[in-house]
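# Observations on the three-dimensional arrangement
Chain residues, written in single-letter form:
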Amino acid sequence: MPAASTNNPELYESPFLKAARSEPVPHTPVWFMRQAGRSLPEYLKIREGVTMLDSCTRPELVVEITMQPVRRYGVDAAIFFSDIVLPLKAVGVDLDIVPGVGPVVARPVSTLADVAAIPDLTPDHVPFITEAVQGLVGELGNTPLIGFAGAPFTVASYLVEGGPSKEHARTKALMFGAPDVWDALMRKISGIAAAYLEVQVEAGASAVQLFDSWAGAVTREDYRTHVQPHSARVLERIGETGVPRIHFGVGTGEILDLMGEAGADVVGVDWRVPLSAGVERVGGRAVQGNLDPTLVFAPTEVMLDRARAVLEAGAAAPGHIFNLGHGVIPSTDPDQLARLTHFVQEESRR
Ligand code: CP3
C-alpha cells in the first residue's frame, strides 16, 4: 500500500505526485537527481569520518542528509539518501564505495554459481531502511519522498565489471555470450530491486525512481531482448503498490519509448535529448527533466533562459517534473540550484 500518500490528502495532492500521475498542477514541480550529497557543505560536514556505506545504514544520518536539500532549496520532492549498490551490500555481496571512484565489487560475477551465491533480499536485511524512511515521512510532512533502486542492467554492470566502467564490455560480453547466466543474473537483481523498493514504499515512500543510468550502452534490439523484460518485472511489482514510477537513464534517446513501455508512469529524459522530442517519444506518459547539469556554471540569466525553454517544452506532456538531465555535478554552487528552484516554481505558476 502507498501508505504515506493515501493517509495524507495534502501529500497525495502535492504538485510532484499530481504531475507524476499526469494531473493538472498549480506549478511545475522540481527536484534534482543527486540533490543530497557532495555539492552541499552541510553534507560534507556531516559525512566527515563516516564512510558512504556506513552513512546509509544510520537512519539519523539518512534522515538529516535527505532533508538538507529540501530545507535549503524548497524542492517539491526529497530523494532518499542511499546508493544503488546498498541492497547488494545488505544481502552480503562483498563491495565498497570508494571515494572518487564509485562502487567496487570484490569478486565480479561471471558464472551461474556466482549468481546463485547472491541471496534474495528480504525486509530483514534492511531494517535501517524502514526506520530511515519512517523517520523521513514524519519530518517531510506534505513533501513526497522518492524511494529508488538501481535497474537490473546498471547494477549488473557493477557486479560483472567489478567497478565503474565506460564501455560495459564485460557486461555486454556476458549478455551476448552467456545468455543463461545473463538471464539468471538479471532475474536475481530484479527480484532484489523490487523487494528493496517494496520495503521503501511499505515504510512510506510515495513514489519510486528506477535508475538505469547505463542502459544507453545497449542497442534498441538488445535493450528490448535482454534488458527491458527485467526492468518491466520490477516496475510491474511496484505498480501493485499504486505509487508512481519514474524510470531514468543516461544516453537513452534511442530507447526512450521502450523505457516507457517497460511500465513507467514518468520517463526521465537525459539532457542530450531535446525535451520536445522526449515528449514525442514517450507518447502519452509524463516526463522528467532535463536541463543540462553544466548550465549551473553559466551566468544565472543564461541558465534561467534555458530552464524557461525546458518548461515550455515540458508543457506539451501530460505531466512534467522539472529536473536536471542527469545528477548534480559535485562542484555545483548550491545558490544556483536555489535560484533555479525558485524560478521554476514561480515561472510555471498557473
Ligand atoms: O541525492 C541523491 O540523489 C541521493 C543519493 C544517491 C546516491 N547515489 C548517493 C551517493 C543516489 C540516487 C545514487 C544513485 C546512484 N549511485 C546511481 C544512479 C544515478 C546516476 O548518477 O546515474 C549510480 C550510477 C550510482 C553508483 C555510484 N555511487 C556512483 C557513480 C558514485 C559516485 C562516485 C564518486 O565519488 O564520484 C557513487 C557514490 C555515491 N553515491 C556518493 C553519493 C553521495 C558519493 C560518495 C561520497 O559522498 O563519499
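Refer to the structure above for everything that follows.
Described below are features of the structure shown in this document. In this text, all values refer to a predicted model and were calculated from it rather than measured experimentally. (Residues numbered from 1 in each chain as written. Predicted model: local features only at pLDDT ≥ 70, side-chain atom pairs only at ≥ 80, totals over all residues. Heavy atoms only, no water.)

Turning next to the overall build of the chain. Secondary structure summary: the chain contains 17 helices and 9 strands in total. Reported as C-alpha extents along the three principal axes, the dimensions of the chain are approximately 55 × 40 × 40 Å. Expressed as a percentage of the 350 residues in the chain, the buried residues total 58%. Taking as baseline every contact in the chain between residues at least 6 positions apart, the subset at least 24 positions apart corresponds to 73%. Of the roughly 13,600 Å² of accessible surface on the chain, 52% is carried by carbon and sulfur atoms. Averaged over its 29 positive side-chain charges, the chain has a centre that lies 2 Å from the centre of its 42 negative ones. (Helix = DSSP H or I, 4+ residues; strand = E, 2+ residues; numbered from the N terminus. Buried < 20%, exposed > 50% of the residue type's maximum accessible area, 1.4 Å probe, protein only. Contact = heavy atoms within 4.5 Å. Areas by Shrake-Rupley, 256 points an atom, 1.4 Å probe, with all protein chains shown as cover. Lys, Arg positive; Asp, Glu negative; His and termini not counted. Charge placed at Lys NZ, Arg CZ, Asp CG, Glu CD.)

Turning to the nonpolar core, a few remarks are in order. Judged by nonpolar contacts, the single largest core of 125 residues is most densely connected at Leu159 and Leu340. A total of 14 residues in this core trace back to one element, the largest contributor, which is helix α12 (residues 179-203). For Leu340, the contacting residues outside a window of four places in its chain are Phe32, Leu291, Met303, Leu304, Ala307, Phe322 and Leu324. (Core = buried A, V, L, I, M, F, W, Y, C linked by side-chain atoms within 4.5 Å.)

Now for the site of the ligand. Near the ligand you find 24 residues, and of these Arg34, Ala36, Tyr43, Asp83 and Ser213 are the closest. Measuring from an oxygen atom of the ligand, one finds a side-chain N or O atom of Arg38 at 3.1 Å. The separation between an oxygen atom of the ligand and a polar side-chain atom of Tyr43 is 2.8 Å. Here the ligand, which alone exposes 870 Å², has 90% of that area covered by the protein. (Near = heavy atom within 4 Å. Polar contact = N/O pair within 3.5 Å; in protein donor to acceptor, adjacent residues only side chain to side chain.)

The next subject is the pairing of strand β8 (residues 286-291). In terms of residue burial, β8 counts as a mostly covered element, since 6 of its 6 residues are buried. Alignment of strand β7 (residues 266-268) against β8, held across 3 bridges, turns out to be parallel. From the neighbouring strand, Val267 faces β8, where its bridge partner is Val287. Taken together, β7, helix α15 (residues 275-281) and β8 form a β-α-β motif whose crossover is right-handed. Pairing geometry for β8 and strand β9 (residues 320-324), over 5 bridges, is parallel. Bridge pairing in β9 places Gln288 opposite Ile321. (Pairing = 2+ DSSP bridges. Right-handed = clockwise from strand over helix to strand, strands pointing away.)

Turning our eyes to something else, we now look at the pattern of salt bridges. Following the criterion strictly, the structure yields 15 salt bridges and no others. Of the charged contacts, one joins Glu64 and Arg71 as a salt bridge, the two residues approaching to 3.0 Å between their closest N and O atoms. Residue classification places Glu64 among the partly exposed residues on the basis of a relative accessible area of 25%. (Salt bridge = Lys/Arg side-chain N within 4 Å of Asp/Glu carboxyl O.)

Our focus in this paragraph is the sheet that holds strand β5 (residues 207-211). Strand order in the open sheet formed by 7 strands is β1-β4-β5-β6-β7-β8-β9, with parallel pairing between adjacent strands. Either end of the sheet is taken by a strand with one partner, and the two such strands are β1 (78-79) and β9. Strands in contact with helix α13 (residues 220-239) are β5 and β6 (245-248); relative to β6, the strand with the most contacts, it is inclined by about 155°. (Axes fitted to C-alpha atoms, helices over the stretch in contact; angles between N-to-C directions.)

Attention now goes to the packing of helix α16 (residues 300-314) against helix α17 (residues 334-347). The N-to-C vectors of α16 and α17 enclose an angle of 40°; their axes lie 10 Å apart at closest approach. Of the possible angle classes, the one that applies to α16 and α17 is oblique. Seen along the crossing, α16 lies across α17 with a hand that is right-handed. Each of Thr300, Met303, Leu304, Ala307, Arg308 and Leu311 in α16 lies in contact with α17, whose residues at this interface are Gln336, Arg339, Leu340, Phe343, Val344 and Glu347. (Parallel < 35°, antiparallel > 145°, perpendicular 65-115°, else oblique. Left-handed = near helix turned anticlockwise from the far one by under 90°.)

With 14 residues, helix α9 (residues 127-140) extends 20 Å from end C-alpha to end C-alpha; this agrees with the ideal 20 Å at 1.5 Å per step. Residues Phe128, Ile129, Ala132, Val133, Leu136 and Leu140 constitute the buried set of α9. Seen end-on, α9 carries its buried residues on one side only, within an arc spanning 130°. Relative to its buried face, α9 has exposed residues pointing more than 90 degrees away, namely Glu131 and Gly138. (Expected span 1.5 Å × (residues − 1). Arc of directions from axis to C-beta.)

Another aspect to go through is helix α10 (residues 152-161). Counting buried residues in α10 gives 10 out of 10 residues, a clear majority hidden from the surface. Where α10 terminates, the next one or two residues include Gly162, which has phi positive at roughly 90°.

Between Gly289 and the following residue, Asn290, the backbone shows a cis peptide bond with an omega angle of -10°. Mapped onto the elements of the fold, Asn290 is located in strand β8. With a phi close to 60°, Ser22 is a non-glycine residue in the positive phi region. Looking at the secondary structure, you find Ser22 in the loop between α3 (15-20) and α4 (41-46). Here Ser22 falls in the partly exposed class, since its relative accessible area comes to 29%. Within the chain, Arg34 stands out as a residue other than glycine whose phi angle is a positive 60°.

Coordinates in, geometry out; function isn't part of it.
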